[in-house]
Amino acid sequence: MTVEEQMRAAMADLTRAERQLATHILKNYPVAALGSITALAKASEVSTPTVVRLCQKLGYKGYPDYQSALRGEVEAMLVSPLAKHDRWAGGAPDTHILNRFADAVVGNLQATLGQIDHAEFDAAAALLADPGRAVYVIGGRITHAQADYFVTLMKVIRREVMLLSGLSNTWPPALLDMKAGDVLVVFDIRRYENSVLQLVELAVEQGAEVVLITDRWVSPAAQHARHTLSAYIEAPSAWDSMVSITVLVETLLAAVQTLSWGETEARLKRLESLYDRSRFFRRAR
C-alpha cells in the first residue's frame, strides 16, 4: 500500500486528533507532510506527539521514517516519460491498448471525482465568477492546452480574462496590472515547473488569490493556493492523461457560467450577432 492508502485505511481506528491530522495531510497530500514536524502540527492544529503517534500507528518508527517513505514515493512519481513507459510496459496485460487506456482513464475520473471537496470546488467557482476580480491563467509545458481552452471559453462567459504566456519576460507587465483580489488560475502537474512556482509567488505578493489545478501528488505551488483541485492522471503511456483535468476545467466553466448567467447570456447574444455579421460560420444548406 502507498502511504496515502495506508492513511485512508487506518482512518476508522484513529483518535479525533489523529483523524484531524490525517485529514489535513490527505487534503494537502503530499506537500503537508514534507516540512518539519512542528510546521505540520501547527498547520493541522494538533500537538507534535499526535504526529508521532499517527506515524507509529501506520507502522513507522516515527516522523522521520514516515517522511522518508513519503519522499521516496513522491520521487518515484516524478519520473521522466521513459520511466513512465517502462513501468507500464513491464506489466501490461494482453488486452488491446484501447481497452487498457480506457480502463485507466475511467479509473482516473472516478478517483478524481471521488476526492474533490465540493465546498472547495464551489468556492473556486465563486471566485472565478466574481465580476470584481480579473482572472489570469497560466499553464505548463504540457498543460498549456488546458489553460488555453479554459481561457477561450471564460472570455465568453465574463470580462477580464487573460492567458499568460509561458515566457517569463512577459509576466512583469501582467503583474503590473494585477491587483489584490484578482485570481490566478494555475495548471501544474508533475514534473513541476520552477517558473510556474515563481509566477505564483510573485502573484501572491501582489495580493492575488490562486486556484491551482494539479495532480494527486500536488504541485509545490499548493502552499500558496487558496483553492487546490487535484486530478488523477496516470495512464499506460509515456505521458500522463489530461482527461480528468479537462473534466475539471469543463465543470468549472459550467459552474461559473451558472453563477454569472445574467452577464453570460447577454455576452453570448452579442457574440452570436457579431458572428452573423462577419459571416464567420458556414451556414447549413
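Refer to the preceding data block for the structure.
Residues numbered from 1 in each chain as written. Predicted model: local features only at pLDDT ≥ 70, side-chain atom pairs only at ≥ 80, totals over all residues. Heavy atoms only, no water.

Q: Explain the overall build of the protein residue by residue, including any values.
A: Assigned secondary structure in the protein consists of 13 helices and five strands. With respect to the three principal axes, the spread of C-alpha positions in the protein is 70 × 50 × 35 Å. The buried share among the 285 residues of the protein stands at 45%. Taking all contacts inside the protein whose residues are at least 6 apart in sequence as the whole, residues at least 24 apart take part in 71%. Of the roughly 15,200 Å² of accessible surface on the protein, 55% is carried by carbon and sulfur atoms. When the 30 positive and 32 negative side-chain charges of the protein are each reduced to one mean point, those points stand 5 Å apart. (Helix = DSSP H or I, 4+ residues; strand = E, 2+ residues; numbered from the N terminus. Buried < 20%, exposed > 50% of the residue type's maximum accessible area, 1.4 Å probe, protein only. Contact = heavy atoms within 4.5 Å. Areas by Shrake-Rupley, 256 points an atom, 1.4 Å probe, with all protein chains shown as cover. Lys, Arg positive; Asp, Glu negative; His and termini not counted. Charge placed at Lys NZ, Arg CZ, Asp CG, Glu CD.)

Q: Just give me the short version of the packing of aromatic side chains, but keep the residues and values in it.
A: Summed over all chains, the structure comprises four aromatic pairs. Ring geometry for Tyr60 against Tyr66: centres 5.6 Å apart, planes inclined by 80°, an arrangement best described as edge-to-face. With a relative accessible area of 13%, Tyr60 lands in the buried category. When its relative accessible area of 1% is taken as the criterion, Tyr66 is described as buried. (Phe/Tyr/Trp six-rings, centres within 6.5 Å; stacked < 30°, edge-to-face > 60°.)

Q: How would you explain the environment of Ala145 if you had to name every residue and give the values?
A: Looking at the element boundaries, Ala145 is found in helix 9 (residues 144-157). In this structure Ala145 comes out as partly exposed when scored by relative accessible area, which is 40%. It is 9.8 Å that separates the C-alpha atoms of Ala145 and Thr246, two residues lying 101 residues apart in sequence.

Q: Describe the packing of helix 8 (residues 118-129) against helix 12 (residues 243-259), with residues and values.
A: It is at 9 Å that the axes of helix 8 and helix 12 come closest, and there the two elements cross at 60°. When the interaxial angle is binned, helix 8 and helix 12 end up oblique. Helix 12 is crossed by helix 8, and the crossing has right-handed handedness. On helix 12, the residues touching Phe121, Ala125, Ala126, Leu128 and Ala129 of helix 8 are Leu248, Thr251, Leu252, Ala255, Val256 and Leu259. For the contact of helix 8 with helix 12, the per-class residue count stands at 10 nonpolar, one polar and no charged. (Axes fitted to C-alpha atoms, helices over the stretch in contact; angles between N-to-C directions. Parallel < 35°, antiparallel > 145°, perpendicular 65-115°, else oblique. Left-handed = near helix turned anticlockwise from the far one by under 90°. Nonpolar A, V, L, I, M, F, W, Y, C, P; charged D, E, K, R; others polar.)

Q: So what's going on with the pairing of strand 5 (residues 227-231)? Residues and values would help.
A: A large share of strand 5 lies buried, amounting to five of its five residues. A two-sided burial pattern is seen for strand 5, the buried positions comprising His227, Leu229 and Ala231 on one face and Thr228 and Ser230 on the other. Bridge analysis of strand 4 (residues 209-215) against strand 5 gives five bridges, and the strand direction is parallel. What sits directly across from Val211, in strand 5, is His227. (Pairing = 2+ DSSP bridges.)

Q: Got a sec to walk through helix 3 (residues 37-44)? Specific residues and values, please.
A: Of the residues making up helix 3, those classed as buried are Leu40, Ala41 and Ser44. The buried residues of helix 3 occupy an angular sector of 95° when the element is viewed end-on, so they sit on one face. Exposed side chains of helix 3 directed beyond 90 degrees from the buried face belong to Thr38 and Lys42. One or two positions beyond helix 3, positive phi appears at Glu45, with a value near 60°. (Arc of directions from axis to C-beta.)

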